[in-house]
Amino acid sequence: MSQTVQTSVMSMSDGQSESPVVLGLETRNIHAWFGKHHVLKDISLKFPEKTVTGLIGPSGCGKSTFIRLLNRMHEFIPGAAMAGQVLHDGHDIYSPEVDAAAIRLKVGMVFQKPNPFPAMNIRENVLSGIKLAHLKVADHDSIVERCLTRAGLWKEVKDRLTATGGSLSGGQQQRLCIARSLAVEPNVLLMDEPCSALDPGSTLRIEETIKELAEKIAVVIVTHNMQQAARVSDYCAFFLTDGGPGYLVEADATKKLFTNPGDTRTADYVQGKFG
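Each residue is numbered by its place in its chain's sequence as written, counting from 1. Under the rules for a predicted model, residues below a pLDDT of 70 receive no local features and side-chain atom pairs below 80 are neither given nor counted, while totals for whole chains, interfaces and linings still include all residues. Where side-chain values are given, they derive from all heavy atoms of the structure, hydrogens and water being excluded.

## So, the sheet that holds strand 5 (residues 91-92)
The line we're drawing: Following DSSP output, two strands are said to pair if at least two bridges run between them. Secondary structure elements are defined from DSSP: runs of H or I of at least 4 residues count as helices, runs of E of at least 2 residues count as strands, and each element is numbered from the N terminus.
What the 4 strands build is an open sheet, ordered 2-1-4-5; its pairing is antiparallel. Here the strands that pair on one side only, and so sit at the sheet edges, are strand 2 (37-48) and strand 5. As paired elements, strand 1 (residues 23-34) and strand 4 (residues 80-88) share 7 bridges and run antiparallel to each other. For Trp33, the partnering residue across the bridge sits in strand 4 and is Ala81.

Shown next as structure tokens:
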């Protein structure tokens, strides 16, 4: 099985072929270290625009490290290092001339724990990325409404935009963080277990939001929930470790990976036999 998501031509259910898919992001031969500890080995993946890719695998296999590499957050960690390429619009985001802050505007991140800015109200939270990046926009009100609508939160908060972000429920706070990420108009959104701390109802609303976002941008989500991966993702990549660095076992269309994987370890994992 190839260790890349095959995205140039995917088979359709009726035997026809789709048109070539435009890539939102691509990694080539990625390695990662924390000090001398080699945590990821030779990961090559493609993330098409307007799709959801799920990263699955047991704890400790490097999924969260990998997703942080995709927008240069890995370098925030003391002693962290990487090798390989992460291509966005065909350009390596780790090239010396590339502005890391600019990359993080185009490749946004939503974390496992909701983190709205506590001193800001809901409206200010949505606009905070725009202000921090010194972006010039004409109509803040329309941006707030549009982003909260895309995050599935507008109807719930439209009459209390001056309330603090911390006054919202956990699921609402996570959707507020999604809205904040969308305000700077990324074309890739990374999500590291965004539903792990949420109740089933909030999880369902986040999943609906993910599907709607994927109509316009590429979404990459780390999840330990196999049912969630099956529900929301178009492609899945299965990571594993044998005590050494994490590596990619296989990656393919989600339906195929869950019903007819190319590796018995993938079948065992998605069937809950380990992990």
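## Quick look at the packing of helix 3 (residues 122-132) against helix 6 (residues 170-182)
This is how it is decided: Here the axes come from fitting lines to C-alpha atoms, over the contacting stretch only for helices, and the angles between their N-to-C directions go from 0 to 180 degrees. Small angles under 35 degrees read as roughly parallel and large ones over 145 as roughly antiparallel, with 65 to 115 read as roughly perpendicular and the rest as oblique. In this scheme the crossing of two helices becomes right-handed for a clockwise turn of the near helix relative to the far one and left-handed for an anticlockwise turn of less than a right angle. Two residues form a contact once any of their heavy atoms are found within 4.5 Å. Under the grouping applied here, Gly and all other residues not named as nonpolar or charged are polar, the nonpolar ones being Ala, Val, Leu, Ile, Met, Phe, Trp, Tyr, Cys and Pro and the charged ones Asp, Glu, Lys and Arg.
Two elements in contact, helix 3 and helix 6, have axes whose closest approach is 6 Å; the angle formed by their N-to-C orientations is 40 degrees. With respect to their mutual orientation, helix 3 and helix 6 come out oblique. Here helix 3 and helix 6 pass one another in a crossing that is right-handed. Counted together, Ile122, Asn125, Val126 and Ser128 of helix 3 and Leu176, Ala179 and Arg180 of helix 6 form the full contact between these two elements. The residue inventory of the contact of helix 3 with helix 6, partitioned by class, reads 4 nonpolar, 2 polar and 1 charged.

## Some thoughts on the pairing of strand 6 (residues 107-110)
Keep this limit in mind: For each residue, the accessible area found with a 1.4 Å probe, counting protein chains only, is set against the maximum for its type, and the residue is called buried under 20%, exposed over 50%, and partly exposed in between.
Taking every second residue as pointing to the same face, both faces of strand 6 are buried, with Val107 and Met109 on one and Gly108 and Val110 on the other. In this sheet, strand 7 (residues 188-192) lies alongside strand 6 in parallel orientation, the contact comprising 4 bridges. Each residue of the ladder has a partner; that of Val110, found in strand 7, is Met191.

## Some thoughts on the packing of aromatic side chains
We apply this condition: Each Phe, Tyr or Trp ring, with Trp reduced to its six-membered ring, pairs with another whose centre is within 6.5 Å; inter-plane angles below 30 degrees give stacked pairs, above 60 give edge-to-face pairs, and intermediate values give tilted ones.
The final tally for this structure, using the stated rule, is 4 aromatic pairs. Note on Phe47 and Phe66: the rings are 6.3 Å apart at their centroids and 40 degrees apart in plane angle, and the pair reads as tilted. Of this pair, Phe47 sits in strand 2 while Phe66 sits in helix 1 (residues 63-69), and the two are 19 residues apart along the sequence. Given a relative accessible area of 0%, Phe66 falls into the buried group. Consider the rings of Phe66 and Phe239, whose centres lie 5.4 Å apart with planes at 50 degrees: the pair is tilted. Of the two residues, Phe66 sits in helix 1 while Phe239 sits in strand 9 (residues 235-240), which places them 173 residues apart along the sequence. Chaining the aromatic ring pairs together yields one cluster made of Phe47, Phe66 and Phe239.

## Focus on the environment of Phe238
The topology assignment puts Phe238 in strand 9. Exposure remark for Phe238: the relative accessible area of 0% places this residue in the buried category. Non-local contacts of Phe238, meaning those with residues more than four positions away in its chain, are made with Ile56, Gly57, Pro58, Tyr247, Leu248, Val249, Glu250, Arg265, Thr266, Tyr269 and Phe274.

## Let's talk about the sheet that holds strand 10 (residues 247-253)
The 6 strands lie next to each other as 6-7-8-3-9-10, forming an open sheet whose pairing is mixed. With partners counted over all chains shown, the strands left at the sheet margins are strand 6 and strand 10, one partner each. In this sheet, adjacent strand axes meet at a mean angle of 15 degrees when their direction is disregarded. Relative to strand 8 (residues 218-222), strand 3 (residues 52-56) runs parallel, the two being bridged by 4 bridges. Each residue of the ladder has a partner; that of Gly54, found in strand 8, is Ile221. Docked against the sheet, helix 6 engages strand 6 and strand 7, running at close to 170 degrees with respect to strand 6. On the sheet, helix 7 (residues 200-213) packs against strand 3, strand 7 and strand 8 and is oriented at approximately 145 degrees with respect to strand 8.

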